[in-house]
Amino acid sequence: MRHRRHRRPPSAVPPGTGGVEITTDLVLVDGDYVTVRWTLRGTHLGEFRGVPPSGAEVTYTGISIFRIECGRIVETWDEADLYGLLQQIGGLPATGEPAATPTA
(Lines give C-alpha, C1' and ligand atoms only; values in the text may rest on other atoms or scores of the structure.)
Protein backbone atom coordinates (compact mmCIF):
# COMPACT_ATOMS: atom_id res chain seq x y z
CA MET A 1 0.00 0.00 0.00
CA ARG A 2 1.24 3.47 -0.78
CA HIS A 3 1.40 5.75 2.26
CA ARG A 4 -0.13 9.19 1.98
CA ARG A 5 0.42 12.33 4.00
CA HIS A 6 -2.54 14.44 5.02
CA ARG A 7 -2.79 18.21 5.17
CA ARG A 8 -5.54 18.17 7.78
CA PRO A 9 -5.07 15.99 10.87
CA PRO A 10 -7.86 13.85 12.32
CA SER A 11 -9.84 15.35 15.19
CA ALA A 12 -7.89 13.12 17.58
CA VAL A 13 -4.79 15.36 17.27
CA PRO A 14 -4.24 16.93 20.68
CA PRO A 15 -3.89 20.69 20.98
CA GLY A 16 -0.31 21.85 21.36
CA THR A 17 1.10 19.38 18.81
CA GLY A 18 3.23 21.14 16.20
CA GLY A 19 4.93 20.07 13.00
CA VAL A 20 2.27 17.41 12.53
CA GLU A 21 2.81 14.78 9.85
CA ILE A 22 0.20 12.06 9.44
CA THR A 23 0.72 8.93 7.38
CA THR A 24 -2.09 6.65 6.23
CA ASP A 25 -1.12 3.08 7.08
CA LEU A 26 -4.28 1.19 6.06
CA VAL A 27 -7.68 1.96 4.52
CA LEU A 28 -10.64 -0.44 4.71
CA VAL A 29 -14.00 0.18 3.03
CA ASP A 30 -17.22 -1.61 3.94
CA GLY A 31 -20.39 -0.18 2.40
CA ASP A 32 -20.87 3.37 3.71
CA TYR A 33 -17.97 3.09 6.17
CA VAL A 34 -14.29 3.89 5.62
CA THR A 35 -11.75 2.98 8.31
CA VAL A 36 -8.29 4.56 8.28
CA ARG A 37 -5.35 3.49 10.46
CA TRP A 38 -2.86 6.34 10.72
CA THR A 39 0.44 7.28 12.35
CA LEU A 40 1.05 10.80 13.63
CA ARG A 41 4.45 12.38 14.17
CA GLY A 42 4.87 15.80 15.71
CA THR A 43 6.34 17.89 18.51
CA HIS A 44 4.80 18.54 21.94
CA LEU A 45 4.72 22.37 21.91
CA GLY A 46 1.73 23.20 24.13
CA GLU A 47 0.13 22.05 27.35
CA PHE A 48 -1.81 18.82 27.01
CA ARG A 49 -3.88 17.35 29.85
CA GLY A 50 -1.88 19.27 32.43
CA VAL A 51 1.53 18.35 31.00
CA PRO A 52 3.55 21.47 30.13
CA PRO A 53 5.26 21.68 26.72
CA SER A 54 8.26 19.36 26.60
CA GLY A 55 9.51 19.84 23.05
CA ALA A 56 9.52 16.04 22.76
CA GLU A 57 9.20 14.46 19.34
CA VAL A 58 6.17 12.14 19.50
CA THR A 59 4.83 9.29 17.39
CA TYR A 60 1.54 7.53 17.98
CA THR A 61 -1.16 5.71 16.05
CA GLY A 62 -4.90 5.93 15.75
CA ILE A 63 -7.95 4.81 13.84
CA SER A 64 -10.58 7.04 12.25
CA ILE A 65 -13.91 5.72 11.00
CA PHE A 66 -16.00 7.74 8.57
CA ARG A 67 -19.60 7.19 7.53
CA ILE A 68 -20.23 8.38 3.99
CA GLU A 69 -23.62 9.48 2.70
CA CYS A 70 -24.18 10.89 -0.80
CA GLY A 71 -20.42 11.21 -1.26
CA ARG A 72 -19.91 13.27 1.91
CA ILE A 73 -18.59 12.45 5.36
CA VAL A 74 -21.57 12.68 7.73
CA GLU A 75 -20.12 11.06 10.87
CA THR A 76 -16.61 10.54 12.20
CA TRP A 77 -15.15 8.54 15.09
CA ASP A 78 -11.50 8.77 16.16
CA GLU A 79 -9.48 6.64 18.58
CA ALA A 80 -5.84 7.44 19.29
CA ASP A 81 -3.15 5.98 21.53
CA LEU A 82 -3.21 8.88 23.99
CA TYR A 83 -1.78 6.65 26.73
CA GLY A 84 1.35 6.17 24.63
CA LEU A 85 1.42 9.89 23.83
CA LEU A 86 1.22 10.81 27.53
CA GLN A 87 4.12 8.44 28.24
CA GLN A 88 6.21 10.13 25.55
CA ILE A 89 5.66 13.65 26.93
CA GLY A 90 6.21 12.68 30.56
CA GLY A 91 2.57 12.68 31.65
CA LEU A 92 2.63 8.98 32.65
CA PRO A 93 5.47 6.65 33.63
CA ALA A 94 6.89 4.57 30.78
CA THR A 95 5.83 0.92 30.68
CA GLY A 96 7.76 -1.06 33.28
CA GLU A 97 8.59 1.99 35.40
CA PRO A 98 6.98 2.15 38.83
CA ALA A 99 4.46 4.92 39.36
CA ALA A 100 5.35 7.67 41.80
CA THR A 101 4.47 6.81 45.39
CA PRO A 102 2.47 9.50 47.22
CA THR A 103 4.14 10.91 50.30
CA ALA A 104 2.34 11.76 53.51
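Bear in mind that the values here come from a model prediction, so they are computed numbers and not experimental data.

Details of unusual backbone geometry
With glycine set apart, most residues show a phi of negative sign, and most peptide bonds adopt trans.
For step 1, the next point in the chain: Even without being a glycine, arginine 49 presents a positive backbone phi close to 50°.
For step 2, the next point in the chain: Mapped onto the elements of the fold, arginine 49 is located in the loop between strand S2 (33-44) and strand S3 (57-69).
For step 3, the next point in the chain: Here the phi dihedral of cysteine 70 falls at roughly 55°; this positive angle occurs in a residue that is not glycine.
For step 4, the next point in the chain: Positionally, cysteine 70 belongs in the loop between S3 and strand S4 (72-80).

Points about the nonpolar core
For step 1, the next point in the chain: Formed by 13 residues in total, the largest nonpolar core has its most connected members in Trp38, Leu85 and Ile89.
For step 2, the next point in the chain: It is S2 that provides the largest number of residues to this core, a total of 4 residues.
For step 3, the next point in the chain: Setting aside anything within four residues of it in sequence, one finds isoleucine 89 in contact with His44, Phe48, Val51, Ser54 and Val58.

Structural notes on the environment of threonine 43
For step 1, the next point in the chain: Looking at where threonine 43 falls in the secondary structure, it is placed in strand S2.
For step 2, the next point in the chain: Through-space distance from the C-alpha of threonine 43 to that of threonine 59 is 8.8 Å; in sequence the pair is 16 residues apart.
For step 3, the next point in the chain: The residues contacting threonine 43, other than those within four sequence positions of it, are Gly16, Thr17, Gly18, Gly55, Ala56, Glu57 and Val58.
For step 4, the next point in the chain: For threonine 43, the side chain forms a polar contact with the side chain of glutamate 57, separated by 3.0 Å.

The rules behind the values
Counting starts from 1 at the beginning of each chain's written sequence and moves along it residue by residue. Totals for whole chains, interfaces and linings use all residues, but because this is a predicted model, local features are given only for residues with pLDDT of at least 70 and pairs of side-chain atoms are given and counted only at 80 or more. Hydrogens are left out, water is left out, and the side-chain values use all remaining heavy atoms of the structure. By definition, any uninterrupted DSSP run of H or I lasting at least four residues is a helix, any uninterrupted run of E lasting at least two residues is a strand, and each is numbered from the N terminus. For the purposes of this section, nonpolar cores are sets of buried Ala, Val, Leu, Ile, Met, Phe, Trp, Tyr and Cys residues that join through side-chain atoms within 4.5 Å. The rule is simple: take the accessible area with a 1.4 Å probe, protein chains only, and divide by the maximum for that residue type; under 20% is buried, over 50% is exposed, in between is partly exposed. Here, residues are in contact when the closest pair of their heavy atoms is within 4.5 Å. Polar contact is the term for a pair of N or O atoms within 3.5 Å; when the atoms are in protein, one must be able to donate a hydrogen and the other to accept it, and sequence-neighboring residues count only if both atoms are side-chain atoms.

Don't take any of this as a statement about function, it's just geometry.
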